[in-house]
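The primary structure of each chain is shown beneath.
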Amino acid sequence: MKLSNLKTVESAHDDSIWAAAWVPPTDSRPPLLLTGSLDETVRLWRPDDLHLDRTNTGHCLGVVSVAAHPSGAIAASASLDSFVRVFYVDTNSTVATLEAPPSEVWQMQFDPKGTTLAVAGGGSASVKLWDTATWQVITTLSIPRPETPKPSDKGNKKFVLSVAWSPDGRRIACGSMDGTVSIFDVARAKFLHHLEGHFMPVRSLVYSPVEPRLLFTASDDAHVHMYDAEGKALIGALTGHGSWVLSVDISPDGAALATGSSDRTVMLWDLSMRASVQTMKNHSDQVWAVAFRPPGGNLRGGRLASVSDDKSISLYDYS
Amino acid sequence: MACVYIPVQNSEEEVRVALDQLPRDASDILDILKAEQAPLDLWLIIAREYFKQGKIDQFRQILEEGSSPEIDEYYADVRYERIAILNALGAYYSYLGKIESKPREKEEHFILATQYYNKASRIDMHEPSTWVGKGQLLLAKGEVEQAFAAFKIVLDGDRDNVPALLGQACVEFNRGRYSDSLGFYKRALQAHPSCPAVVRLGIGLCHYKLGQFERARQAFQRVLQLDPENVEALVAMAILDMQTNKAAGIRKGVEKMHRAFEIYPYCAMASNYLANHFFFTGQHFLVEQLTETALAVTNHGPTRSHSFYNLARSYHSKGDYEKAGLYYMASVKEINKPHAFIFPYYGLGQVQMKLGDYRSALLNFEKVLEVYPDNSETLTVVGHIYVQLGQVEKGQDLLRKATKVDSRDAQAYLDLGDLLISTDINAALDAFKTARTLLKKDGQEVPIELLNNIGVIYFEQGELELAEESFKEAVGDGIWSSFINGKVNYGTVDASAAPRLYKDMQIFTRLEKDGINLDLPWNKVSPLFNLARLLEESHKSNIASLFYQFIIFKYPDYIDAYLRLAAMAKARNNIQLSIELVNDALMINEKYPNALSMLGELELKNDDWVKAKETLRAVSEAAQGKDSYSSLSLGNWNYFAALRNEKRAPKLEATHLEKAKELYTRVLAQNNSNLYAANGAGVVLAEKGQFDVSKDVFTQVQEAAIQMPDVWINLAHVYFAQGNFPLAMKMYENCLRKFYHGTDAYILLYLARNYYEAEQWQECKKTLLRAIHLSPANYILRFDAGVAMQKFSTSTLQKPKKTADEVRSVVEELENAVRVFTQMYGAANLHYHGFDEKKIETHVEYCTHLLGVAKVHCDAATREEEQTRQRQELARQVALAEDARRVAEEQRKKQLEKRKLEDEQKRVQQQEEHFRRVKEQWKSSTSASKRRERSDIDDDEGGHSERRRRRGGKRRRKDRSSRSRYDMEEEEEAGIMDGQEELEDEEPARVSDGEENPQDPLAAAGLEDSDAEDENEPPSNAGRWKRTWSESDDEDTLRQQHSDKDRNNQKTNGDDPVENM
């Protein structure tokens, strides 16, 4: 299990890059890498030489998250001004602009079937689900508030930062500022339970594609936790980063985990050993996102992309 | 049976005296001798016989009688016998003097002996035996040189005088010239081959001293052949045997000693050696008995000293230092010169050290060093004593010398390392490493402590890999290896129990049940703890926490392990668990300052101010005020207390600040290099507005402690407060990158504030956006971002000249600002940020209104831009037209010329024709009228271009008038808005109306918001530590954040205990 650096694009954006996602391939084109930056643009890159395909403007304030529809036809990008812009990947024509005040927008993810877009709602302590056909809100999954909020508590501790769909599309997990992870039953739109163990923000989480109950969470406490999301059990913790773990993604085969951290490194973890096997140090600032390329088409070889505050994008071969 | 016959005077008869039946009373014999006037040699024989039988008194009586004046008179002509008697007496008293231990009696004996010899000399001064006797006497008195002279006189007369030869041999032996001594012995043996075994003993001793052990052994064997009962030879042989240092040799030696002891129990030497042997075999009872016997039988100083030494050593090894000390002293007293026998000094030194009398010990060890200046053990010991006495440098020098003397003495390096650890860590590491290499080379086991120390030093130097190696070597193999290799199945834990994960011991009980060996020897606890610290540092906190738990599992009283677990929990923000763990630690020792300090800190973090203060006070008490950490913490507490109240009471603030300053100063007084206290003092100074002083303080602290982020921030704050924005900016940025992995949103906030003050609005906004991204739930940042955008818009609109693009960006920013504020307004009722709904509403309304203004501006600017564009287009067209005209003109000119040419040609032709025609027919007038028509066309063209130019001029004038009309419109609008603004802000607009100030219509538009007033204050007026942000509420929040940062300066000393063993 190994990563090798294929290509790094310095100054890929004019400012810090905060988000990255892969757009699955379509019949007419290969998969694309989607990145979002503080410079208010979203850019599309063609692998493996990371050729800049297009620059989308139209966002105000920094772009905090990007997500691609499983079909590869449409994608969504969201910025700090809490607008979500949905657009056709190939033409950049706007499909819809989503807004649900007063809820903010942080991480977004399309469900595996592509019928729903889940959006982490920040201070609203909820996850909003949007219908991808009508672009209307289907439902709001709210985290139950503590019964007696202490008056001294400043800010909302259940501020939702991150969201992830289970591979079967039945569950949604979301991570909050106080470190708790909440699990929802999507079909019944019902809160199930919390997963405890982190006490600092959980900025990224991902389900295993091979074991539907297995959830990985990345937290500012420098740990990555492995949970049995159904059984509420903490299976293990991966330690090795020296600062916040900002992003986590799992390889399509479910055997490896990649993490990006404020300590400027990208780490590769062998899940069978539960240990880190490689540390990439090519970024010179915080690594805000890591993303494995989804399988599909006639592609060979795994790819991992990482983006950083240092304005660069790195592409690795994963084997 | 031997007997003598005393001839009876005047007869042939003789009196027979059986020598073994001498009467008890010597007077009987004396009477006979006197009566019969027996020859003097008989007197001597009888006296000698008494001596042999041990009847000393009778011996003396006879000889004294035999040397009395009457005898001298009577036997005046018998010279030799008289001399013999005198010499016998002299020899006797010499011997007495020699064995007498009391100095006065000793002196008296020697005086008597001298008298007898002198008397003998007076009879015949050339008698060799007298000289021999004198020589012996001088030897006994220790006057070796004179003895030499005496014997020389004899030998000059008779080369082969055996007694003199022996005497001379003895002299040379005492002088230490063993080969000369050997020569004399050999000569004596040649002169008198059948001389007693003692001579060979001398030869043996000489060989021994010369290091020729084999020949010495031969000589002693010869002695024993001649005299199997010769104790000295036996002892000497035994010593030789023992010195072979082989088990068999020692056994043989001990057997010989035993025999010597049985033959003659009063041989002190044998006793000593036996005692020595039994000391090593640990039979202390025998040691004591033997040495006591030896002491009883000998007065010989060195031997007694040896005996005392044996005795002392025995007590020393039994741990009875008092007695051992006494005997060592006794032993030392028996020695004239330390050179002779140095061991007791060493022993005495050791005992005195044990008893804490370092100065006396030092004296004794220095004596040892006089004799053996290069003895590394002694050097080491003396080095240690110097350190104990506070002369660290001297101690280090000595230890360095010790390592130089014996570069293979691992112990010396070890000691040197121990000594250097507190002063020169690099040198200490070198020493330790050398010690380790030496020990390894010798195949010895490297002590765990040594490996641990090496590891600790590497750790402190940041050489984590080397440190890890060393610690791992120290702990060796054990269950922990499987922890590191991840071979232990941790099992799963219910997520709801996860917060208690650190306290879970199930895994160990389970492993124990599985029969896995969980041994942890006590001396491996420290290295294991340190290894865990190291793993923690390399971010392998999983294993680290497992190690701590394991240590607690095996040694439940190991407080530091609890504290580390607590610190880890704290780092992960699990405050509840952290407090529990600290409380566990306090159950073990409720006054443990580190634990109490940590508890205080945790309580602070939990916003439990009163409790925290109590706890910190308890620390202070527990440490009797000597713990600077607790004083510091209390200082910090007071500092925060001064600033935390939302409604500040100036009086209370001053009291708290004063108290904080006092505490910091106290710590500084105790330890003037305490950087945290200095930092704290700097903060208080800055708080009071004394920026220059505080800047000096911070700069110094920063120079001393490059690794302290707080001081960087504080220094940046000072620069900021003094208006040095670029420098402050640099400081903030460096600090953020260097210490916080860029993850500290507060530093970004400071940076943004800096940009704000420096009026770099876009940078300010971007910085705030970054901060929001890092800390999404902090709505203050959003609010500030909104304010920054608002301010950007205001200031851009205030610019007298602005492009349409600028205005457009203002509109964009205002839209964003409105959106940000609106969102916050919408969320206000949800209570997830502490902002006042009304305030946000004001901002929303203001921004919206501003947006309206900006839009108008934008339209205007767009229009203007459009017009400019049109104008430019026009100008371009004019230019194009002119170009065209010029081209046309040129063409025309060309045509003209062409025509001229043609005309010319035509004319020529015509003339020719004409000429021809004239020639042919003389009348023609049409060519002239044709020429006039053409010039008319030319005139027409010129008029047309002139007209066009005039039209363009008119157009420009029209432009001007339309523009002034827009201006008027603006002014009207501005007037209206001004009124609104006043109503909204309930504050009179500072800037006067547009009518009065037509040059600056924008200022008249009231685009200055209420906050602008604050910000426009000159810096001197704004001499506060924190500058106002935009509104007083913001200032509070900022101030709190600032405090939060300063709180960091309570760097925990309980946070990273690294243990030295």
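In this text the structure is predicted, and so the values were computed from the model without any measurement.

Moving on to the overall build of chain B. Each helix and strand in chain B was counted, giving 49 helices and three strands. Counting only residues that meet the buried cut, chain B has 47% of its 1061 residues in that class. Sequence separation of at least 24 residues holds for 56% of the intrachain contacts in chain B that already meet a minimum separation of 6. When the accessible surface of chain B is totalled, it reaches about 54400 Å², and 49% of it is carbon and sulfur.

All names here are of chain A. The strand order β6-β7-β8-β9 describes an open sheet built from four strands, whose pairing is antiparallel. With one partner strand each, in any of the chains shown, β6 (63-68) and β9 (94-98) form the two edges of the open sheet. Ignoring which end each strand starts from, the neighbouring axes of this sheet average 15° apart. Alignment of strand β8 (residues 84-88) against β9, held across four bridges, turns out to be antiparallel.

Right, let's get into the interface of chain A and chain B. On the side of chain B, 44 residues touch chain A, which itself brings 57 residues to the contact. The contact between chain A and chain B buries some 4300 Å² in all, and 54% of this surface belongs to carbon and sulfur atoms. The largest share of the area that chain A buries against chain B comes from Leu61, Pro102 and Phe199 of chain A, three residues that together contribute 14% of it. On the surface where chain A and chain B come into contact, there are seven salt bridges. The partner of aspartate 221 of chain A in a salt bridge is arginine 572 of chain B, and the shortest N-O contact between them spans 2.6 Å. Inspection of the chain A/chain B interface yields 21 residue pairs in polar contact (both at pLDDT 80 or more). The set of elements that each furnish at least two residues to the side of chain A that touches chain B consists of β20 (223-228) and β21 (233-239) of chain A. Residues of the side of chain A that touches chain B, tallied by class, amount to 23 nonpolar, 19 polar and 15 charged.

It is worth spelling out the sheet that holds strand β13 (residues 137-142) of chain A at this point. Note on sheets: strands pair through backbone hydrogen bonds, and any given pair is parallel or antiparallel. Residues and elements named next belong to chain A. Sheet architecture is open: four strands sit in the order β10-β11-β12-β13, paired in antiparallel fashion. Two strands close off the open sheet at either side, each with one partner strand: β10 (108-110) and β13. Strand-to-strand twist across the sheet, computed as the mean angle between neighbouring axes with direction ignored, equals 20°. Where strand β12 (residues 126-131) and β13 come together, five bridges link them in antiparallel fashion.

Attention now goes to the packing of aromatic side chains. Overall, the coordinates contain 13 aromatic pairs over all chains when judged by the stated rule. Ring centres 5.3 Å apart and planes at 70° place the aromatic pair phenylalanine 292 of chain A and tyrosine 318 of chain A in the edge-to-face group. Residue phenylalanine 292 of chain A is located in strand β26 (residues 287-292), and its partner tyrosine 318 of chain A is located in strand β28 (residues 313-318); the two are separated by 26 residues in the primary sequence. Members of the aromatic cluster, connected to one another through ring pairs, are Trp106 and Phe159 of chain A together with Tyr779 of chain B. The ring of tryptophan 22 of chain A is capped by arginine 293 of chain A, whose NZ or CZ atom sits 5.9 Å from the centre of that ring. Above the plane of the ring of phenylalanine 83 of chain A lies arginine 819 of chain B, whose end atom (NZ or CZ) is 3.4 Å from the centre.

All names here are of chain B. It is the contact of helix α11 (residues 197-209) with helix α12 (residues 213-226), at a shortest axis distance of 7 Å, that shows an interaxial angle of 165°. Relative to α12, the element α11 lies roughly antiparallel. Crossing hand, α11 versus α12: left-handed. Side by side, α11 and α12 meet where Ala197, Arg200, Leu201, Ile203, Gly204, Leu205, His207 and Tyr208 of the first sit next to Phe213, Arg215, Ala216, Ala219, Phe220, Arg222, Val223 and Leu226 of the second. Grouping the amino acids of the contact of α11 with α12 by side-chain chemistry returns 11 nonpolar, two polar and three charged.

A few words now on the packing of helix α26 (residues 464-475) of chain B against helix α29 (residues 525-537) of chain B. Residues and elements named next belong to chain B. The interhelical angle for the contact between α26 and α29, taken along N-to-C directions, is 150°, at an axis separation of 9 Å. With respect to α29, the element α26 is oriented roughly antiparallel. Crossing hand, α26 versus α29: left-handed. In this structure, α26 uses Leu464, Ala467, Glu468, Phe471, Lys472, Ala474 and Val475 to contact α29, whose residues at the interface are Pro527, Leu528, Asn530, Leu531, Leu534, Leu535 and Glu537. Classifying every residue of the contact of α26 with α29 by side-chain character gives 10 nonpolar, one polar and three charged.

Moving on: the pattern of salt bridges. What the rule picks out here adds up to 29 salt bridges over all chains. Salt-bridge contacts for glutamate 601 of chain B lead to lysine 570 of chain B; the nearest nitrogen and oxygen are separated by 2.6 Å. In this pair, glutamate 601 of chain B is assigned in helix α33 (residues 593-605) and lysine 570 of chain B in helix α31 (residues 559-571), connecting sequence segments 31 residues apart. Arginine 892 of chain B is the partner of glutamate 889 of chain B in a salt bridge, and the nearest nitrogen-oxygen pair spans 3.5 Å. Of this pair, glutamate 889 of chain B and arginine 892 of chain B both sit in helix α45 (residues 837-920), separated by three residues, roughly a single helical turn. Taking relative accessible area as the criterion, glutamate 889 of chain B reaches 27% and is therefore assigned partly exposed. Overlapping salt bridges bring together Arg171, Asp185, Arg188 and Glu230 of chain A as one network.

Another aspect to go through is the confidence of the model for chain A. Scored by pLDDT, chain A comes out at a mean of 89, with 95% of its residues at no less than 70. Overall, residues 148-155 of chain A carries pLDDT values under 50, and its contacts beyond four positions in sequence, including any with other chains, amount to three contacts.

Ile172 of chain A together with Tyr732 of chain B are the most contacted members of the largest nonpolar core, which has 118 residues in total. Filtering out sequence-adjacent residues up to four positions away, isoleucine 172 of chain A remains in contact with Ala118, Leu129, Leu141, Val163, Ala164, Trp165, Ser182, Ile183, Phe184 and Val186 of chain A. Within the second largest apolar cluster, 74 residues are counted, among which are Ala467, Phe471, Ile479 and Phe483 of chain B.

Relative to the helices and strands, glycine 66 of chain B is located in helix α3 (residues 56-66). Classification of glycine 66 of chain B as buried rests on a relative accessible area of 1%.

Here serine 578 of chain B is to be found in helix α32 (residues 575-588). The residues touching serine 578 of chain B, leaving out its near neighbours within four places in the chain, are Ala566, Ala569, Lys570 and Leu602 of chain B.

Residues and elements named next belong to chain A. Counting buried residues along β6, six of its six residues qualify, which places the element largely inside the surrounding structure. As paired elements, β6 and strand β7 (residues 74-79) share five bridges and run antiparallel to each other. Note on β7: the bridge partner recorded for alanine 67 is alanine 76. Connecting β6 to the next strand, β7, in antiparallel fashion are five residues, including glycine 72 with a positive phi near 85°.

Once that is clear, we can look at a nonpolar patch on the surface. All names here are of chain A. There is a patch of nonpolar side chains on the surface, built from Met1, Met273 and Val277 and spanning about 270 Å² of accessible area. Following the sequence through the fold, methionine 273 ends up in the loop between β24 (266-270) and β25 (275-280). Given the relative accessible area of 53%, methionine 273 is considered exposed.

Before going further, it helps to spend a moment on helix α38 (residues 691-704) of chain B. With 14 residues, α38 of chain B extends 20 Å between its outermost C-alpha atoms, agreeing within 8% with the 20 Å of an ideal straight helix rising 1.5 Å per residue. In the core, the buried residues of α38 of chain B are packed alongside α37 (675-687), α39 (709-721) and α40 (725-739) of chain B.

Residue and element names in this part refer to chain B. For α39, which comprises 13 residues, the first-to-last C-alpha distance of 18 Å matches the rise-based estimate of 18 Å (1.5 Å per residue) to within 8%. Within α39, 13 of the 13 residues are buried, which leaves the element mostly enclosed by the surrounding structure. At the exit of α39 stands glycine 723, carrying a positive phi of roughly 85°.

What counts, and at which threshold
- Residues numbered from 1 in each chain as written.
- Chains lettered and ligands numbered in written order.
- Predicted model: local features only at pLDDT ≥ 70, side-chain atom pairs only at ≥ 80, totals over all residues.
- Heavy atoms only, no water.
- Helix = DSSP H or I, 4+ residues; strand = E, 2+ residues; numbered from the N terminus.
- Buried < 20%, exposed > 50% of the residue type's maximum accessible area, 1.4 Å probe, protein only.
- Contact = heavy atoms within 4.5 Å.
- Areas by Shrake-Rupley, 256 points an atom, 1.4 Å probe, with all protein chains shown as cover.
- Pairing = 2+ DSSP bridges.
- Axes fitted to C-alpha atoms, helices over the stretch in contact; angles between N-to-C directions.
- Buried area = accessible area lost by both parts, 1.4 Å probe.
- Salt bridge = Lys/Arg side-chain N within 4 Å of Asp/Glu carboxyl O.
- Polar contact = N/O pair within 3.5 Å; in protein donor to acceptor, adjacent residues only side chain to side chain.
- Nonpolar A, V, L, I, M, F, W, Y, C, P; charged D, E, K, R; others polar.
- Phe/Tyr/Trp six-rings, centres within 6.5 Å; stacked < 30°, edge-to-face > 60°.
- Lys NZ or Arg CZ within 6 Å of the ring centre and 35° of its normal.
- Parallel < 35°, antiparallel > 145°, perpendicular 65-115°, else oblique.
- Left-handed = near helix turned anticlockwise from the far one by under 90°.
- pLDDT = per-residue confidence, 0-100.
- Core = buried A, V, L, I, M, F, W, Y, C linked by side-chain atoms within 4.5 Å.
- Patch = residues over 30% accessible without salt bridge, like charges linked within 9 Å, V, L, I, M, F, W, Y side chains within 5 Å.
- Expected span 1.5 Å × (residues − 1).

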